[in-house]
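# Examining the three-dimensional arrangement
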Amino acid sequence: MKRPEELRSHRWFGGGELRNFSHRARSRQLGYNPEEHLGKPVIGILNTWSDINPCHMHLRERAEQVKRGVWQAGGFPLEFPVATLSETYQKPTPMLYRNLLAMETEEILRSYPIDGAVLMGGCDKTTPALLMGAASAGLPAIFVPAGPMLRGHWRNEVLGSGTDMWKYWDDKRAGLIGDAELSELERGLARSPGHCMTMGTASTMTSAAEVLGVTLPGAASIPAVDSAHHRMAAASGARIVGMVWEDLTITQVLDKRAYADAITTVLALGGSTNAVIHLIAMAGRSGIPVSLADFDAIARRVPVLANIRPGGDWLMEDFYYAGGLPGLLSRLTDLLHTERLTVTGRTLGENLSQAQVHNDDVIRPREKPVAAEGGVAVLHGNLAPSGAVIKHIAAEPHLLTHTGPAVVFENYPDLKKRIDDPAITADSVLVLRGSGPLGGPGMPEYGMLPIPAHLLEQGVRDMVRISDARMSGTSYGACVLHVAPESHVGGPLALVRDGDLITLDVPSRVLRLEVSDEELSRRRSEWTAPAPRFERGYGALYSEHITQADEGCDFDFLSRAGHNPEPDAG
Ligand code: FES
Ligand code: MG
């Protein structure tokens, strides 16, 4: 157990130096008497609430419940607003800013008198960003997931955010519904605070956080507006105070086994392909090498048990009632490292001792999985020397072995202009380049290229699509993503021409451009690098330091080993 004089914040508030005196005077200015905070753990609540983020709109108020728990446990809560990354509104994509929030998180924790951190996030990139920063800072930290929004509704249908937006937009383009229906759908798709309630990136990453051991057990599945979410927030606030006294840091929780378990869980959830990039980046911050090969190897032995859209039938609210993530994990214990320590101070296995499944269709038994193999396959070949990924369980099976002629789009505006070209057939392989970490920039979620309208009208709902982009976790289809190296830096994707044959062979994990090496080197000698996307500012910093998708798209100077000294606070 730590003593009060050993608290990190003591360096600011204790002691008899001029600066200590000044810090105490200023906490009186904040409105606190010394006995209210001196000698207590200072808990920094890093909150990604913002007026513009509908997924986090309840977090402003929820921070009050976290504070309630901190006070009750004898801590001193201080809330820090940090950048919000709103998947819906931030352009070109919040992925451009994930590392910025990670840097902000790390530096706030480093530079202020914080003994322990509560991280509040959930909308897609916020979870990895907060955890990357906290892992680098190395203090005790607990994550409070924002929680999924309630099910969507339209007429007699249950709607999934994202997933049904894509589906009904295709229906509109195919002429099956009109403006009146669309306007009703607009009102029903997202009807409460909380992040997307399909198994998109948000639910995938908050579930990953839970199995990593940095949330309270069961936290990730609680709907944002359920009163259990208030209680979880208060309990997290209380727990972080205990973690500070026990000196239980995030570094002790996030070990190699934790990341292996996170990969296992993401795959069993049929989770978002974005998790591949985020978990590689997060593990990098913990000094643990995780590669694409780890995902492919684990995927081959982990079945998909969560029957949640877009890969399945249900939504996160149903998952919660069915037993939530603890229920799912209780069916995977032989594949997990249950002896690992978590933020509760107990092991993962101990946290799961009461876990139950209440609905075998939502959380499938091992002998009746949604898919026998995990949701991600890693592809290699001359079109993706450093790898590419496909969520093959969300694709039409006949496309998983396919050879067809390429139709190449230089970038997203070009795609929008020409996608309805009547010359495109259902056999064509749609190729989008210029959408990677540098080219996009920020690897926008363009990876589910739209199906041409004339093919939609003929009933075609899936085609082979290839890009250096990412895909929303709520999307589906035979979409090969994260092709690395990206076209912008001269990856082979830059050399594809209309009509070239491309072979996708998922069972063999192959992505091949059927063009000879000689022809490819001839094309490469004619290739010129595009101009940089940014001339100054954060974008220029990003462009100079971003790594490729297979390396997690962290900044090289953030993912490397090394130690920064504690600031002198006296
Ligand atoms: Fe925030 Fe989907 S838009 S999680
Ligand atoms: Mg998303």
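Quick caveat, the model's predicted, so the values are computed rather than measured.

Cut-offs applied
- Residues numbered from 1 in each chain as written.
- Chains lettered and ligands numbered in written order.
- Predicted model: local features only at pLDDT ≥ 70, side-chain atom pairs only at ≥ 80, totals over all residues.
- Helix = DSSP H or I, 4+ residues; strand = E, 2+ residues; numbered from the N terminus.
- UniProt positions renumbered as here; feature names shortened; annotations may be inferred.
- Domains from an automatic or database assignment.
- Contact = placed C-beta atoms within 7 Å.
- Nonpolar A, V, L, I, M, F, W, Y, C, P; charged D, E, K, R; others polar.
- Axes fitted to C-alpha atoms, helices over the stretch in contact; angles between N-to-C directions.
- Parallel < 35°, antiparallel > 145°, perpendicular 65-115°, else oblique.
- Left-handed = near helix turned anticlockwise from the far one by under 90°.

Bringing the environment of S221 into the picture now. Inspection of the secondary structure assignment puts S221 in the loop between α9 (201-212) and α10 (227-246). Taking the C-alpha atoms as reference points, S221 and M316, 95 residues apart in sequence, are found 6.7 Å from one another.

The next point concerns the UniProt feature "domain: Dihydroxy-acid/6-phosphogluconate dehydratase C-terminal" (unreviewed entry) in the chain. UniProt annotation of "domain: Dihydroxy-acid/6-phosphogluconate dehydratase C-terminal" (unreviewed entry) refers to residues 361-553 when read in the numbering used here. In this annotation, residues 361-553 is assigned 16% helix and 21% strand; the end-to-end C-alpha distance for the span is 36 Å.

So, about the UniProt feature "domain: Dihydroxy-acid/6-phosphogluconate dehydratase N-terminal" (unreviewed entry) in the chain. Within this numbering scheme, the UniProt entry marks residues 40-351 as carrying the feature "domain: Dihydroxy-acid/6-phosphogluconate dehydratase N-terminal" (unreviewed entry). As a span, residues 40-351 carries 47% helix and 9% strand, and end to end its C-alpha atoms are 28 Å apart.

For the chain, the assigned domains read domain 1 (40-150 + 192-352), domain 2 (153-189) and domain 3 (377-526). Measuring from the centre of the C-alpha atoms in domain 1 to the corresponding centre in domain 3 gives 32 Å. Counting residues at the interface gives 25 residues for domain 1 and 23 residues for domain 3. Those elements that place two or more of their residues in the side of domain 1 that touches domain 3 are α9, α13 (274-285) and α14 (292-299). By residue number, the principal contributor to the side of domain 1 that touches domain 3 is α14, which donates five residues. In the side of domain 1 that touches domain 3, the residues fall into 13 nonpolar, 11 polar and one charged.

Packing of α9 against helix α12 (residues 256-268) brings their axes to within 9 Å, and their N-to-C directions diverge by 140°. In this view, α9 runs oblique relative to α12, as classed from their interaxial angle. Crossing handedness for the pair α9 and α12: right-handed. Residue-level inspection shows T204, S207, A208, V211 and L212 of α9 in contact with α12, the latter providing A258, D261, A262, T265 and V266. Residues that form the contact of α9 with α12 fall into these classes: six nonpolar, three polar and one charged.

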